[in-house]
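Observations on the three-dimensional arrangement
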Amino acid sequence: MKVRRYLRGSGRVLAFVFVASVIWLLFDMAALRLSINDENSRILKERVVRDRELLKKHSRAAHEDALVRKSWDEGFFNVYLSNQIPLDRAIPDTRPESCAQTLVHDDLPSTSVIFCFVDEVWSTLLRSVHSVLNRSPPHLLEEIILVDDFSTKEYLKAPLDKYMSQFPKVRIIRLRERQGLIRARLAGAAAAKGEVLTFLDSHVECNVGWLEPLLERIYMDRRKVPCPVIEVINDKDMSYMLVDNFQRGIFRWPLVFGWSPLPEACVILNGSPFLCCRCPVMAGGLFSIDKKYFYELGAYDSGLDVWGGENMEISFKIWMCGGEIEIIPCSRVGHIFRGQNPYKFPKDRQKTVERNLARVAEVWLDEYKDLFYGHGYHHLLDKSVIDIGDLSEQIELRRQLKCKSFKWYLENVYPDMNAPLAKAEGLVCGWIHLVPRFLTSQPWSDRLVSHRYLISQLFNYTWMRAIRQQDLCVSSFNRSVSLQTCDNTKAELRWYHKSSDSTLVGFSLPSCRL
C-alpha cells in the first residue's frame, strides 16, 4: 500500500524520470562502447590500408629494381628509367650567363650532324636526335645522319625507319657489315651535305645554344676544330649534371686519354666566352670540323680498326699539320658516361686497340714512340704477334702536309707533358764494368774503351729497358753478359730496374747504378 501510495502523484513522475535516466545511461554506455569499437575498427582499417600501401610500394620498388637490374646490361646505365623519361625533356641551361647575350655572325656555315650507333638503346638514341632538332637553328642544321653499324636489335630496323620518317632532315645509312666507329664515321662524312661535319655520340643531350658557338669558331678560322664542354648525364638517375670545372683532354703514356683542369686564364678571356682554351687531345666523340679541311687532313686513318686511338690520331694530325683544337664554354652537351662498353667488337678488343695505337705511334710520335712501346707494349714490335698494316700512305700524307714534329707538339701544345729527352732514352746508367771474357767472342769488342782485365763504357738505360751504347745493347743469357746489336723484340736485351737498391736486373751487375 505504501509503495502504491508513493508512486502516486509526484512520486510517479520521479520514478519515471529515474527509470528513463537509467535506460538513457544504458543507451549511452552502449553507444560509447559501439563508438569505441568503431574507432578501433577505423584505426585498424587505416592501419591495414597503410600497411597494404607500404607493401605495394615496397613490392613496386622491388619490381622496379628488378627491372633496372634486368635492363642495365643493355646499355650499362639505367635503361628502365631512361625509357620512362620524355624524349624531348627539358634540361637546365648550364652555360655561363654571358653566353645568352653574345652575338654571332648571321651567315654561319651549315652542318651535318652525324650519329654512329650499334645496338643503341631506343630511348637514348631518340632523345639524342630530339635534342639536336629542338635546340639547333633550322637554317644551320642541314641534316642529321644516323649511321647504323650493322645493329642486331629489331627495334633499330623497321621501327626506327618508321619513327624517323616524320623528320625530313633525318636520314639513316645502314652498313651491310660491322665496320666499327671509325669507318662508320667515314661513311657518314662521305654522305654529308653540310659545310661542317659535327660528330656526336648516340647517347647525348644537346643543351640550349650548343651549335652556334661551334660554327662561329669555324667561321672565324676553318682550321679550328671546336669541341663542346661535355657534361654528365648520370647513369643511375639520368639527371643532367652541371660541369662547373672546365677540363681539357690530354693523354698520358702509353697514349691513354684523360682529363685535366683548364688553366684559369683559359676559361673566359677578356670577358668573352668565345675566346676558348686549346685542347691537346679531343675526347673524340663530340666535335665539329670543316668538311673540306677534314678531307685535306686525310680524314681518319682508314687503317684503324673498329674503335680506339682515333682521337689520338686525329688530334696529333690537327695540331701538327696546322690546325687547332678548342674547348668552347658556351657549347654544352650532356653525355652518359658508362662504366663498361656494351658493344661487341668484331675482333679481339684489346688487340684491336693496341694495333690502332701502334699505328698512331709509328706515324706521329717520331722518336717518342719508344716511350709508347716502353710502357708495356714491347710485344707490338714483334710483327709475328700483330700486323699493324701498311703505313706508307699515312707517312706520305704527313710529308705532303708538311706537318711539324712530335717534339714541336710537346713543346708548344702540351708543354706540361713529361716526355724525357728527344731520343726517349731516359736514365744514364753510369759506368758499367764488364769482364773482358764476356766480350771476346764479339767481333765489335774493339768499340769499347778497354783495359786488359776491365772494360768501362758509358751506357744509357732506355725506355725500352735496354742498356744501350749507340747501336749495341747489353745482353744477359745463361748468366753471361755480352754485347749484341740492339733489337727491341728480344727479351734477353731487357733489364729491369730495382728501385730498392738502384740496380738493374737481367744478370747481376752490382756496379750499375741509376
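About the criteria used
- Residues numbered from 1 in each chain as written.
- Predicted model: local features only at pLDDT ≥ 70, side-chain atom pairs only at ≥ 80, totals over all residues.
- Heavy atoms only, no water.
- UniProt positions renumbered as here; feature names shortened; annotations may be inferred.
- Helix = DSSP H or I, 4+ residues; strand = E, 2+ residues; numbered from the N terminus.
- Buried < 20%, exposed > 50% of the residue type's maximum accessible area, 1.4 Å probe, protein only.
- Contact = heavy atoms within 4.5 Å.
- Areas by Shrake-Rupley, 256 points an atom, 1.4 Å probe, with all protein chains shown as cover.
- Phe/Tyr/Trp six-rings, centres within 6.5 Å; stacked < 30°, edge-to-face > 60°.
- Lys NZ or Arg CZ within 6 Å of the ring centre and 35° of its normal.
- 1 Å grid on protein atoms, 1.4 Å probe; cavity = no way out; pocket = protein on both sides within 12 Å on 5 of 7 lines; lining within 4 Å.
- Points joined across faces, edges and corners; volume = space filled by probe spheres on them.
- Nonpolar A, V, L, I, M, F, W, Y, C, P; charged D, E, K, R; others polar.
- Disulfide = S-S within 2.5 Å.
- Polar contact = N/O pair within 3.5 Å; in protein donor to acceptor, adjacent residues only side chain to side chain.

The protein appears in an unreviewed UniProt entry as Polypeptide N-acetylgalactosaminyltransferase from Takifugu rubripes. Under the heading Pathway (unreviewed entry), UniProt records this for the protein: "Protein modification; protein glycosylation." What UniProt records for the protein under Cofactor (unreviewed entry) is the sentence "Mn(2+)".

Of the regular secondary structure elements, the protein holds 14 helices and 19 strands. Counting only residues that meet the buried cut, the protein has 48% of its 514 residues in that class. Partitioning the intrachain contacts of the protein with sequence separation of at least 6 by distance along the chain shows that 75% fall at a separation of at least 24. With an accessible surface of roughly 26,800 Å², the protein has 56% of that area assigned to carbon and sulfur atoms.

Attention now moves to helix α10 (residues 310-320). Each α-helix winds once per 3.6 residues, and so residues spaced three or four apart point in a common direction. Burial within α10 is extensive, with 11 of its 11 residues counted as buried. Considered for burial, the residues of α10 that qualify are Glu310, Asn311, Met312, Glu313, Ile314, Ser315, Phe316, Lys317, Ile318, Trp319 and Met320. Within two residues after α10, glycine 322 carries a phi angle of roughly 105°, on the positive side.

Looking now at the packing of aromatic side chains. One pass over the structure, following the stated rule, counts 19 aromatic pairs. A ring pair is formed by phenylalanine 251 and tryptophan 253, whose centres lie 5.3 Å apart and whose planes are at 85°; its orientation type is edge-to-face. The class for phenylalanine 251 is buried, based on a relative accessible area of 0%. For tryptophan 253, a relative accessible area of 14% corresponds to the buried category. Here a set of aromatic residues connected by ring pairs shows up, and it is made of Phe251, Trp253, Phe316, Tyr368, Phe406, Tyr409 and Tyr414. Taking the ring centre of tryptophan 408 as reference, the NZ or CZ of lysine 404 above it sits at 4.9 Å.

Let us look at helix α7 (residues 211-220). Of all 10 residues in α7, seven are buried, a share of seventy percent or more. Within α7, the full set of buried residues consists of Leu211, Pro213, Leu214, Leu215, Glu216, Arg217 and Ile218. On its buried face, α7 is in contact with β1 (111-117), β4 (196-200), β6 (224-233), β11 (287-290) and β12 (324-336).

Another aspect to go through is the environment of arginine 355. The topology assignment puts arginine 355 in helix α11 (residues 349-364). Take arginine 355: its relative accessible area is 14%, and that puts it in the buried class. Remark: the alpha-carbon pair of arginine 355 and aspartate 387, spanning 32 residues in sequence, is separated by 7.5 Å. Every residue in contact with arginine 355, bar those within four places of it in the chain, is listed here: Gly303, Leu304, Asp305, Ile386, Asp387, Ile388 and Gly389.

So, on to the layout of surface pockets. Space left empty within the atom packing is revealed by a probe, the size of a water molecule, rolled over the atoms. Approximately 1,100 Å³ is the volume found for the largest pocket. Residue assignment for the lining of the largest pocket shows that the elements contributing at least two residues are β1, α6 (181-191), β9 (256-261), α10, β12 and α11. No other element matches the four residues that α11 contributes to the lining of the largest pocket. Broken down by class, the residue content of the lining of the largest pocket amounts to 25 nonpolar, 13 polar and seven charged.

Summed over all chains, the structure comprises three disulfides. The side chain of cysteine 321 participates in a disulfide bridge whose partner is cysteine 403; the two sulfur atoms lie 1.9 Å from each other. Its torsion about the S-S bond being 95°, the disulfide of cysteine 321 and cysteine 403 is classed as right-handed. Here the residue cysteine 321 occupies a position in the loop between α10 and β12, and cysteine 403 occupies one in the loop between α13 (392-400) and α14 (406-412), the gap between them amounting to 82 residues. What makes cysteine 403 buried here is its relative accessible area of 15%.

All right, on to the side chain of aspartate 290 then. As for its position among the elements, aspartate 290 is in strand β11. A distance of 3.1 Å separates a polar atom in the side chain of aspartate 290 from the backbone nitrogen of lysine 292. Every residue in contact with aspartate 290, bar those within four places of it in the chain, is listed here: Glu195, Val196, Ile218 and Arg222.

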